[in-house]
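The lines below spell out each chain.
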Amino acid sequence: MAREKFGTLTEQMFYILLALRDECCGMDVMARVSELTGGRVAVGPGTLYNLLEQFAAAGYIEETRAEGRRRSYRLTAAGRTLLENEVERLRALLCDYERLMREEK
Amino acid sequence: MRGVKYELNSYSFYDRTGIERHLEKMAARGWLIERLGSIWRYRRAEPKKLRFSIVYYPDSSEFAPEQPSEGELTFWDYCAQAGWVRAAHRGQMSVFFSGDERAVPIDTDAALQVETLHETMKREQITSYLIISGIALWQLVRVWRGFASDLTASLAVPSELFGLCDWLLLMLLSLGELGGYYLWRRRAKRAAEAGQFLPTRSHPGLQRAILALVLLGFGVTIFDSSRTERPMLLVGLAGVLLVYAAVQGTKAVLKRRGAGTGKNKAVTYAVSFALSFALMFGILRAERAGVLRPEPENATPYVVEYSGGDTTQYYAYHDALPLSVQDLKKTDYDRYSCELSESASALAAQTVGKQSMREGDGESNALELSYRVTDVRFAPLFSLCLRSELSYFQNYTITFYRTHHPFRNLVFRETDAAPWGAERAWRLYNKKDGDWNDTWLLTRGTRIVRVNGTALSGLGEAQMALIGERLLSI
């Protein structure tokens with residue numbers, strides 16, 4: 001069910017997972033995504049909270065530390081595979097696009 | 001200058017967009033929301049252009065402890081980190097605001113927002129709407145059965161009419177909420193696939209109007225109730241308000257004490273059921289004991305002792321009747337109870353006259369008379385009312401284990417109207433025995449008269465004319 005749910009990732013899902021390749025406090029993910037994308041992608045706090053809960057429940061991220069309510073997370077092996085699969089998918093899209101556009105020229 | 005302002009909340013629970021816009025307008029006028037619920041409370045603040053955001057937290061509940069869960073506090077921390085200030089919170093809903101126009105919205109994923117709202121709605125709201133719709137439908141069927149079995153009597157009682165409208169409106173309101181939500185959800189899911197947020201919409205003006213109508217209906221029911229019914233209605237209303245206050249109080253105390261959601265729900269529901277049952281039992285006992293029934297006016301109480309030694313109190317009425325047994329026949333009986341009652345609404349008016357022997361005087365074999373005069377004030381309903389009167393005995397039901405139709409063989413057959421001075425006349429006929437009954441139905445204009453009783457046996461034309469003159473002339 002969870003795999004089907006995250007069969008394809010939205011931009012926000014993608015960057016949250018990418019931001020968690022190194023341990024990061026949940027609250028700081030918003031700022032890290034903004035930095036990673038040069039401000040192009042913004043993740044709202046409600047969306048971030050819900051996605052972190054869902055990623056953790058699906059085993060794509062794991063809680064590494066909790067200082068009071070400040071909880072830190074890190075990508076798991078399953079999360080890394082999910083991210084890599086998404087990159088493969090995006091790469092395939094890009095390849096198709098480039099091949100077809102080249103043929104047109 | 002007042003520092004606090006209260007407002008009746010008439011927005012749908014899911015109408016995030018409507019509530020946000022409204023709170024923004026209020027903030028611009030210098031009123032900042034500080035408490036949610038059925039009544040919203042605002043506090044005076046410097047008028048500001050603020051952005052509001054309504055967020056839902058499915059795991060919370062109306063029954064959750066006052067101290068929010070760690071998860072909810074973490075969620076609030078995230079919002080605070082993004083520059084959103086929490087203004088108010090109740091159950092699953094929180095209100096945040098921000099003065100920064102560039103603050104990242106709390107929800108930036110449309111699909112996730114639709115999913116979270118649905119999770120929230122599933123936990124409490126949808127069940128509540130379904131329960132309200134079910135109760136309203138049940139009451140509607142109950143009231144409607146009264147109309148179906150005796151239309152003219154129901155039409156002449158404003159509280160019956162308002163009862164019908166009230167339950168219908170309540171049912172439409174809760175079904176409308178459910179339908180509105182599911183319609184929005186279907187469209188919002190489609191919009192979310194394209195990454196777009198679909199604004200929510202509700203009709204607070206319409207909801208306020210419906211609520212006002214429902215309250216008006218209850219007011220009319222109490223105002224219109226008879227002198228004998230009113231104490232019971234008022235005690236019942238006070239009891240319902242007390243039960244409501246006790247249930248809300250129980251919930252609030254348990255919330256303050258930090259009882260878990262499940263425990264609070266179980267105790268609150270148990271208190272609610274126990275008090276409702278106690279209230280019903282108490283009212284029925286008081287009604288049976290006659291505590292809530294004031295002495296009727298213009299009546300003499302008398303007590304009848306039955307063979308087992310049981311005694312029951314009855315009343316002999318002394319109302320002036322437009323037509324009496326003595327107008328038609330000679331009688332030696334002088335202990336009659338003469339009762340006249342009237343009811344009227346914008347659609348119909350009804351007068352019921354009854355001259356009967358006192359209980360326990362059956363051996364006297366005195367003649368009796370009763371009649372019901374109905375004026376259909378809303379003429380288009382006349383043929384419907386006449387049809388209902390003509391099938392009154394066939395529609396008459398008694399429900400005891402199963403529904404019985406004790407008078408199903410009694411039908412009205414048209415007879416000569418001229419002696420009565422009526423436009424049309426019918427007499428009751430027993431299909432099974434082939435006997436004519438001393439019950440007549442007469443009409444003139446929009447008036448329908450049903451008259452019956454032993455005083456009508458062997459009526460001559462002069463007596464028929466007198467009855468017509470007394471009961472049919474407007």
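Sequence order as written defines the numbering, with residues in each chain counted from 1. Here every chain gets a letter starting at A, and every ligand a number starting at 1, in the order they are written. This being a predicted model, a pLDDT of at least 70 is required before a residue's local features are given, and a value of 80 or more before pairs of side-chain atoms are given or counted; all residues contribute to the totals for chains, interfaces and linings.

Asks: Residue-level account of the overall build of chain B, with values.
Replies: In terms of helices and strands, chain B carries twelve helices and 17 strands. Dimensions of chain B, computed from C-alpha atoms along their principal axes, come out at roughly 95 × 50 × 50 Å. When the 474 residues of chain B are sorted by exposure, 27% land in the buried category. The contact criterion used here is simple: two residues whose C-beta atoms, placed from the backbone, lie within 7 Å are in contact. Restricting the contact set of chain B to residue pairs at least 6 apart, pairs at least 24 apart contribute 60%. Comment: elements are numbered from the N terminus, with helices defined as DSSP H or I runs of at least four residues and strands as E runs of at least two. Exposed residues have 12 or fewer other C-beta atoms within 10 Å of their own C-beta, buried residues have 20 or more, and partly exposed residues fall in between, where C-beta atoms are placed from the backbone.

Asks: How would you summarise the overall build of chain A if you had to cite specific residues and measurements?
Replies: Assigned secondary structure in chain A consists of five helices and three strands. Overall, chain A shows an N-to-C arrangement of helices and strands of α-α-β-α-α-β-β-α. Projecting the C-alpha coordinates of chain A onto the three principal axes gives extents of approximately 60 × 30 × 20 Å. Considering chain A as a whole, with its 105 residues, one finds that 29% of them fall into the buried category. Restricting to contacts in chain A with at least 6 residues of sequence separation, those with at least 24 account for 45%.

Asks: Quick rundown of the domain arrangement of chain B? Include the residues and the values.
Replies: The domain architecture assigned to chain B consists of domain 1 (4-98) and domain 2 (316-472). Domains are outlined according to an automatic or database domain assignment. Look at where the C-alpha atoms of domain 1 of chain B and domain 2 of chain B centre, and you get two points 63 Å apart.

Asks: Please set out the sheet that holds strand β9 (residues 337-344) of chain B residue by residue, giving values where relevant.
Replies: Residues and elements named next belong to chain B. Pairing between strands requires that DSSP locate at least two bridges from one strand to the other. Pairing is antiparallel in the open sheet, where seven strands are placed in the order β9-β10-β11-β17-β16-β15-β14. The sheet terminates laterally at β9 and β14 (410-415), the two strands that pair on one side only. The mean angle between the axes of side-by-side strands here comes to 15 degrees, regardless of whether they run parallel or antiparallel. Sheet topology places strand β11 (residues 369-376) next to strand β17 (residues 447-452); six bridges connect them, and they run antiparallel. When the sheet's bridge partners are listed, Val373 is paired in β17 with Val449. Only C-alpha atoms enter the line fits that serve as axes; for helices the fit covers just the stretch in contact. Angles between N-to-C directions range over 0 to 180 degrees. The strands touched by helix α12 (residues 461-472) within the sheet are β11, β16 (435-444) and β17, with β17 carrying the most contacts at an inclination of about 130 degrees.

Asks: Let's hear about the nonpolar core: which residues, and what values?
Replies: Counting 60 residues, the largest nonpolar core has Ile16, Leu20, Val29 and Leu48 of chain A together with Ile33, Cys79 and Phe96 of chain B as its most contacted members. If sequence neighbours within four positions are ignored, Ile16 of chain A has contacts with Val29, Val33, Val43, Leu48 and Leu51 of chain A. Joining buried Ala, Val, Leu, Ile, Met, Phe, Trp, Tyr and Cys residues through C-beta atoms within 7 Å gives a set, and that set is a nonpolar core. Counting 38 residues, the second-largest nonpolar core is a separate cluster that includes Phe162, Val325, Leu328 and Ile448 of chain B.

Asks: Hey, could you go over the packing of helix α7 (residues 230-256) of chain B against helix α8 (residues 261-289) of chain B for me, with residue numbers and the actual values?
Replies: Residues and elements named next belong to chain B. One way to put it is that α7 packs onto α8 with a least axis distance of 9 Å and a crossing angle of 160 degrees. In terms of their interaxial angle, α7 and α8 are classed as roughly antiparallel. With respect to the hand of their crossing, α7 and α8 are arranged in right-handed fashion. Facing α7, whose interface residues are Met232, Val235, Gly236, Gly239, Val243, Ala246, Val247, Thr250, Lys251, Leu254 and Lys255, α8 presents Asn264, Val267, Thr268, Val271, Ser272, Leu275, Ser276, Leu279, Ile283 and Glu287. Roughly parallel refers to an angle under 35 degrees, roughly antiparallel to one over 145, roughly perpendicular to one between 65 and 115, and oblique to any angle outside these ranges. With the far helix as reference, a near helix turned anticlockwise by less than a right angle produces a left-handed crossing, and one turned clockwise produces a right-handed crossing.

Asks: So what's going on with the packing of helix α4 (residues 45-58) of chain A against helix α2 (residues 70-81) of chain B? Which residues, and what values?
Replies: It is at 8 Å that the axes of α4 of chain A and α2 of chain B come closest, and there the two elements cross at 140 degrees. Here α4 of chain A runs over α2 of chain B; the crossing is right-handed. From α4 of chain A, Pro45, Leu48 and Tyr49 of chain A reach across to α2 of chain B, where they touch Phe75, Tyr78, Cys79 and Gln81 of chain B. For this classification, Asp, Glu, Lys and Arg are treated as charged, while Ala, Val, Leu, Ile, Met, Phe, Trp, Tyr, Cys and Pro are nonpolar and the rest, including Gly, are polar. Considered class by class, the residues forming the contact of α4 of chain A with α2 of chain B number six nonpolar, one polar and no charged.

Asks: Any details on the pairing of strand β2 (residues 31-35) of chain B? Residues and values, ideally.
Replies: Sheet faces and side chains relate simply in a regular strand, where the side chains alternate between the two faces. Residues and elements named next belong to chain B. When β2 meets strand β3 (residues 39-44), the two strands line up antiparallel, connected through four bridges. When the sheet's bridge partners are listed, Trp31 is paired in β3 with Arg44. Between β2 and the antiparallel strand that follows it, β3, lie three residues; Gly37 among them carries a positive phi value of about 130 degrees.

Asks: Go over helix α1 (residues 16-28) of chain B, please, and point to the residues and values.
Replies: All names here are of chain B. Between the first and last residue of a helix there are one fewer steps than residues, each counted as 1.5 Å, and that sum is the expected span. For α1, which comprises 13 residues, the first-to-last C-alpha distance of 18 Å matches the rise-based estimate of 18 Å (1.5 Å per residue) to within 8%. For α1, the full list of buried residues reads Arg16, Ile19, Glu20, Leu23, Met26 and Ala27. The buried side chains of α1 occupy one side of the element, clustering within an arc of 125 degrees when seen end-on. Counted as exposed and oriented over 90 degrees from the buried face of α1: Lys25 and Ala28. As used here, the arc is the angular range of directions from the helix axis to the C-beta atoms.

Asks: Tell me about the sheet that holds strand β6 (residues 93-98) of chain B, residues and numbers included.
Replies: All names here are of chain B. Taken in spatial order, the three strands of this open sheet run β4-β6-β5, and their pairing is antiparallel. Strand pairing shows two members of the sheet lacking a second neighbour, β4 (51-56) and β5 (85-90), which therefore form its edges. Ignoring strand direction, the axes of neighbouring strands in this sheet form an average angle of 20 degrees. Both β4 and β6 contribute to a ladder of six bridges, which runs antiparallel. Paired with Phe52 across the strands is Phe97, a residue of β6.

Asks: So what about unusual backbone geometry? Which residues, and what values?
Replies: Residues and elements named next belong to chain B. At Asn298, a residue that is not glycine, the phi angle is positive and equals roughly 55 degrees. Inspection of the secondary structure puts Asn298 in the loop between α8 and β7 (299-305). By the C-beta count within 10 Å, which is 12 here, Asn298 ends up exposed.

Asks: Would you mind going over the interface of chain B and chain A in detail, with residue names and values included?
Replies: Often the size quoted for an interface is simply the accessible area lost on bringing the parts together. Between chain B and chain A, the residue contacts involve 19 residues of the former and 16 residues of the latter. At the level of secondary structure, the elements contributing two or more residues to the side of chain B that touches chain A comprise α2 and α3 (110-149) of chain B. A per-element tally of the side of chain B that touches chain A places α2 of chain B first, with eight residues. In the side of chain B that touches chain A, the residues fall into eleven nonpolar, four polar and four charged.

Asks: Please give an account of the environment of Arg187 of chain B that cites residues and values.
Replies: By the element assignment, Arg187 of chain B lies in helix α5 (residues 158-193). Separated by ten residues in the primary sequence, Arg187 of chain B and Phe197 of chain B place their C-alpha atoms 10.0 Å from one another.

Asks: I'd like to hear about the pairing of β6 of chain B, residue by residue, with values.
Replies: Residue and element names in this part refer to chain B. For β6, the buried fraction is high: five of the six residues fall into the buried class. Relative to β6, β5 runs antiparallel, the two being bridged by five bridges. From the neighbouring strand, His89 faces β6, where its bridge partner is Ser94. Linking β5 back to β6 in an antiparallel pair, the connection comprises two residues, with Gly91 at a positive phi of about 55 degrees.

Asks: Residues and numbers for the confidence of the model for chain B, please.
Replies: A residue's pLDDT is the confidence the predictor assigns to it, expressed on a 0 to 100 scale. Averaged over chain B, the pLDDT score is 91; the fraction of residues at 70 or greater is 99%. The ipTM for the predicted assembly is 0.90, set against a pTM of 0.81.

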